[in-house]
Amino acid sequence: MFSQVAPQTKVRNMTSAAETGMTGIIAAVFTPLTPEGEINLPVIEPYIDYLSKKQNVKSIFVNGTTGESMSLSVAERKALAEEWCLKAKGNMDQVVVHVGCMSLKDSQELAEHAAQIGADGIAVISPSFFKPSTADDLKEYLRQVAIKAPTVPFYYYHVPSVTGVKVPVRDLLHDIEKLIPSFKGVKFSGSDLMDFGQCVSHSRPHWSLVYGVDEQLISGLAMGATGAVGSTYNYIGSYMKEMMAAYESCDQLQARAIQFKLQELICFSMKIGFDLGVNKQLMSDVSGLDLGPPRLPLTRPTPEHAKAILQKYLSLFGYCPFA
Ligand SMILES: CC(=O)N[C@@H]([C@@H](O)[C@H](O)[C@H](O)CO)[C@@H](O)CC(=O)C(=O)O
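Residues numbered from 1 in each chain as written. Predicted model: local features only at pLDDT ≥ 70, side-chain atom pairs only at ≥ 80, totals over all residues.

On to the overall build of the protein chain. Looking only at helices and strands, the protein chain has 13 helices and eight strands in total. For the protein chain, the C-alpha radius of gyration of 19 Å lies close to 20 Å, the compact-globule estimate for 323 residues. Expressed as a percentage of the 323 residues in the protein chain, the buried residues total 48%. Within the protein chain, residue pairs in contact and separated by at least 24 positions form 72% of the contacts whose partners lie at least 6 positions apart. (Helix = DSSP H or I, 4+ residues; strand = E, 2+ residues; numbered from the N terminus. Rg over C-alpha atoms; globule rule 2.2 N^0.38 Å. Buried ≥ 20, exposed ≤ 12 C-beta atoms within 10 Å, placed from the backbone. Contact = placed C-beta atoms within 7 Å.)

The next point concerns helix 12 (residues 276-287). Taking 1.5 Å per residue as the helical rise, helix 12 with its twelve residues ought to reach 16 Å, and the 16 Å between its terminal C-alpha atoms agrees with that figure. Buried residues dominate helix 12, accounting for eleven of its twelve residues. Packed against the buried residues of helix 12 are helix 1 (44-54), helix 10 (233-248), helix 11 (252-272) and helix 13 (303-317). Downstream of helix 12 by a residue or two, Gly288 has a phi angle that is positive, lying close to 85°. (Expected span 1.5 Å × (residues − 1).)

Let us look at the environment of Pro181. As for its position among the elements, Pro181 is in the loop between helix 7 (176-179) and strand 6 (183-188). On the neighbour-count criterion, Pro181 (13 C-beta atoms within 10 Å) is partly exposed. It is 7.7 Å that separates the C-alpha atoms of Pro181 and Pro150, two residues lying 31 residues apart in sequence.

This paragraph deals with the UniProt feature "binding site: pyruvate" (unreviewed entry) in the protein chain. Here the UniProt feature "binding site: pyruvate" (unreviewed entry) sits at Thr66 and Val229. What stands out for the annotated residues spanning 164 residues is how close their C-alpha atoms remain, the widest pair being 10.5 Å apart. Here Thr66 shows up in the loop between strand 2 (59-62) and helix 2 (74-88). By the C-beta count within 10 Å, which is 25 here, Thr66 ends up buried. Dropping the residues within four chain positions of it, Thr66 is found in contact with Ala28, Val29, Phe30 and Ser231. Locating Val229 in the fold gives a position in strand 8 (residues 227-230). Setting aside anything within four residues of it in sequence, one finds Val229 in contact with Met22, Ile26, Ala28, Phe61, Lys187, Val210 and Gly212. (UniProt positions renumbered as here; feature names shortened; annotations may be inferred.)

What surrounds the ligand is a group of 19 residues, the closest being Ala28, Gly64, Thr66, Gly212 and Gly230. Broken down by secondary-structure element, the contributors of at least two residues to the shell around the ligand are helix 5 (160-163) and strand 8. Grouping the amino acids of the shell around the ligand by side-chain chemistry returns seven nonpolar, ten polar and two charged. (Near = placed C-beta within 6 Å. Nonpolar A, V, L, I, M, F, W, Y, C, P; charged D, E, K, R; others polar.)

Counting 91 residues, the largest nonpolar core has Ile60 and Ile122 as the members making the most contacts within it. It is helix 10 that provides the largest number of residues to this core, a total of eight residues. When near neighbours in sequence (up to four residues on either side) are disregarded, Ile60 contacts Ile26, Ala27, Val29, Leu51, Trp84, Ala88, Met92 and Val95. (Core = buried A, V, L, I, M, F, W, Y, C linked by C-beta atoms within 7 Å.)

The next subject is unusual backbone geometry. In this structure, the amide linkage connecting Leu296 to the following residue, Pro297, adopts the cis form with an omega of 20°. If you trace the backbone, Pro297 turns up in the loop between helix 12 and helix 13. The phi dihedral of Asp175 is positive, around 60°, even though this residue is not glycine. Residues other than glycine seldom take positive phi values, yet Cys250 does so here, at roughly 65°. Residue placement: Cys250 occurs in the loop between helix 10 and helix 11.

This is how it looks when you write it as structure tokens:
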């Protein structure tokens, strides 16, 4: 079935695979909002400064799930993408802009716009109100978005827990470069490690296969991830960089120790309630940046709830100058 795509025989190396693509630790950034719920562009410059200087994170994924893209208008997404790209210049290695929408037309408009503003890549999620039922339908949708930005590296963004789209990603990869010449990989935010492994196994050396379930990144690395994109790298990016370095140097014990700490934070948070509002508040509390509330229908956690999670974070990851 995959006659044109030779399975990878060599172990993929996180630092050399797809050198100009998505590698290493990439923060899926939150969207700063004012207390009134409007996008808050002036926070973006200090946000980039924080990621780069305090978290040692040099790549960002903009307007994704963490960035509340589906709750934003096309005009807001354009303004945000522009500001992130502008302020990241010289400070970040890669800015990948998510342009997926429920409507093909909106996705195309955002893809065109991302190309105009110099994004390093675009990613597209599957529409999820009306869902594609076959890999071919999804591929055709992706193709029609990608052709609007033909020179920009294109990534499929798989997040089945949110979209409910269960098309195996491996099926999507078959002959994909014939349809989408700009195709450069997958942002895989699912927990089906067999599907992820099969994507890696049938990928090309110049593709990026980034894993997006932060609490089990180590398993994604074992399958051959070239990097990781996630929300928690906003506030534990430097630790997860250490984790990846430990993994690369075959120090499994150290890599696992760091992974387990993140699992503990997520487990604790899930028990008392963990959603985008809680996650965003934790980032505000850890970084000292005022990211504001999430957009309705999501809401802020209560102060007690936020404090309990911050305290758990501090007990696991230590000193935080703003707590
Ligand atoms: C479903 C979801 O939001 N997954 C997050 C994870 O980073 C997730 O927040 C983390 O693993 C904690 O569960 C990312 O994969 C999403 C992401 O990269 C994005 O914001 O686009």
